[in-house]
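Each chain, letter by letter, is given below.
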Amino acid sequence: MGRHRYVKDYRLNEYIDERGHVTSETEYIGADYFFRRGAGRARSSGKLVCALSAAGWACFVTLVCVEGTAMRTMYVALPFAFTALPLFLLTRAAAGALRASEPLRHDEADRLSHTLPGAALWAMMLPAASFLGCLLSSALGAADWDALFLALSAAMAACGAGCFFRRADFDTEKR
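If you're wondering where the values come from, they're calculated on a predicted model, not measured in any experiment.

What counts, and where the lines are drawn
Residues numbered from 1 in each chain as written. Predicted model: local features only at pLDDT ≥ 70, side-chain atom pairs only at ≥ 80, totals over all residues. Heavy atoms only, no water. Pairing = 2+ DSSP bridges. Helix = DSSP H or I, 4+ residues; strand = E, 2+ residues; numbered from the N terminus. 1 Å grid on protein atoms, 1.4 Å probe; cavity = no way out; pocket = protein on both sides within 12 Å on 5 of 7 lines; lining within 4 Å. Points joined across faces, edges and corners; volume = space filled by probe spheres on them. Nonpolar A, V, L, I, M, F, W, Y, C, P; charged D, E, K, R; others polar. Salt bridge = Lys/Arg side-chain N within 4 Å of Asp/Glu carboxyl O. Buried < 20%, exposed > 50% of the residue type's maximum accessible area, 1.4 Å probe, protein only. Phe/Tyr/Trp six-rings, centres within 6.5 Å; stacked < 30°, edge-to-face > 60°. Lys NZ or Arg CZ within 6 Å of the ring centre and 35° of its normal. Axes fitted to C-alpha atoms, helices over the stretch in contact; angles between N-to-C directions. Parallel < 35°, antiparallel > 145°, perpendicular 65-115°, else oblique. Left-handed = near helix turned anticlockwise from the far one by under 90°. Contact = heavy atoms within 4.5 Å. Core = buried A, V, L, I, M, F, W, Y, C linked by side-chain atoms within 4.5 Å.

Student: Any details on the pairing of strand β2 (residues 22–28)? Residues and values, ideally.
Tutor: Judged from the 7 bridges that link them, strand β1 (residues 10–16) and β2 form a sheet pairing that is antiparallel. Bridge pairing links asparagine 13 to glutamate 25 in β2. Between β1 and β2, which pair antiparallel in sequence order, lie 5 residues; one of them, glycine 20, sits at a positive phi of approximately 90°.

Student: Could you give an account of the layout of surface pockets, with specific residues and numbers?
Tutor: To locate leftover empty space, one rolls a probe as large as a water molecule over the atoms. What the largest pocket holds in volume is close to 160 Å³. If you list the elements that add at least two residues to the lining of the largest pocket, you get α3 (84–99) and α4 (106–139). Classifying every residue of the lining of the largest pocket by side-chain character gives 2 nonpolar, 2 polar and 5 charged.

Student: Give a detailed account of the pattern of salt bridges, specifying residues and quantitative values.
Tutor: Between side chains of opposite charge, pairing is possible as soon as their charged atoms come close. Under the definition given, this model contains 9 salt bridges. A salt bridge links aspartate 169 to arginine 37; the shortest N-O distance between them is 3.1 Å. Here aspartate 169, found in the loop between α5 (147–165) and β4 (172–174), pairs with arginine 37, found in the loop between β3 (33–35) and α1 (39–65); they are 132 residues apart in sequence, far enough to count as distant. Arginine 37 gets classed as partly exposed once you look at its relative accessible area, which sits at 44%. Linked by salt bridges that have partners in common, Arg37, Arg41, Arg166 and Asp169 make up one network.

Student: Would you mind going over the packing of aromatic side chains in detail, with residue names and values included?
Tutor: The description of an aromatic ring pair rests on the distance of the ring centres and on the angle between the ring planes. The final tally for this structure, using the stated rule, is 5 aromatic pairs. An angle of 70° between the planes, with centres 5.4 Å apart, marks the rings of tyrosine 10 and tyrosine 28 as edge-to-face. Residue tyrosine 10 is located in strand β1, and its partner tyrosine 28 is located in strand β2; the two are separated by 18 residues in the primary sequence. A residue is classified by how much of its surface remains accessible, and tyrosine 10, at 30% relative accessible area, is partly exposed. Assessed through its relative accessible area of 22%, tyrosine 28 is described here as partly exposed. An aromatic cluster is built from Trp57, Phe60, Phe80 and Phe149, whose rings are joined through pairwise contacts. Over the aromatic face of phenylalanine 164 sits the side chain of arginine 167, whose NZ or CZ is 3.9 Å from the ring centroid.

Student: Explain the packing of α4 against α5 to me, and be specific about the residues and the numbers.
Tutor: The geometry of α4 relative to α5 is characterised by a closest axis approach of 8 Å and an angle of 155° between their N-to-C directions. Judged by the angle between their axes, α4 and α5 are roughly antiparallel. Here the hand of the crossing between α4 and α5 comes out left-handed. Here Pro117, Ala120, Leu121, Ala123, Met124, Pro127, Ala128, Ser130, Phe131, Cys134 and Leu135 of α4 come into contact with α5, specifically with Phe149, Leu150, Ser153, Ala154, Met156, Ala157, Gly160, Ala161, Cys163 and Phe164. By residue class, the composition of the contact of α4 with α5 is 18 nonpolar, 3 polar and no charged.

Student: So what's going on with the nonpolar core? Residues and values would help.
Tutor: Counting residues in each nonpolar core, the largest one holds 23 residues, and the members touching the most others are Phe35, Val49, Leu90, Leu104, Leu112, Leu116 and Cys163. The set of elements that each furnish at least two residues to this core consists of β3, α1, α3, α4 and α5. Here this core gets 7 residues from one element, more than from any other, and that element is α4. If near-sequence neighbours (up to four positions away) are discounted, cysteine 163 is found in contact with Val49, Leu52, Leu90 and Ala120.

Below, the structure is given as structure tokens:
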């Protein structure tokens, strides 16, 4: 069902080329979409979201590479490990916002206005859950405080929050 979501937005045109081969081209016939708050604002927010997601990736890679006690605790490590997917979706949507030019196609508009807010929410919530889990295990008597994990997971949650608060700049409407 997901693969054929935008089939009605395209038309298949077939023609015979000069060598006698049947060639087909796709033509977009769907509605045009525009940013509600303007393309300039979406582009500047896209730059900010790209920078914040790059900072989130830097924190993620650093914590994956550094040995720490927090990553040995299941309720800390699992939310942290699943943070990679929303970070990827957030980065892809932000890069799409930088490349987007109006009018947008239906699939581009959906990727920006529907994928980005959810990805930003999860990119904020999962590191925050890992932060709270690490804080809880440290407070309940873990061997040592994992200060690097606490600092970088809080920074990742802050980056996700910054992206989430810019989500309205990527809203699209059909005209």
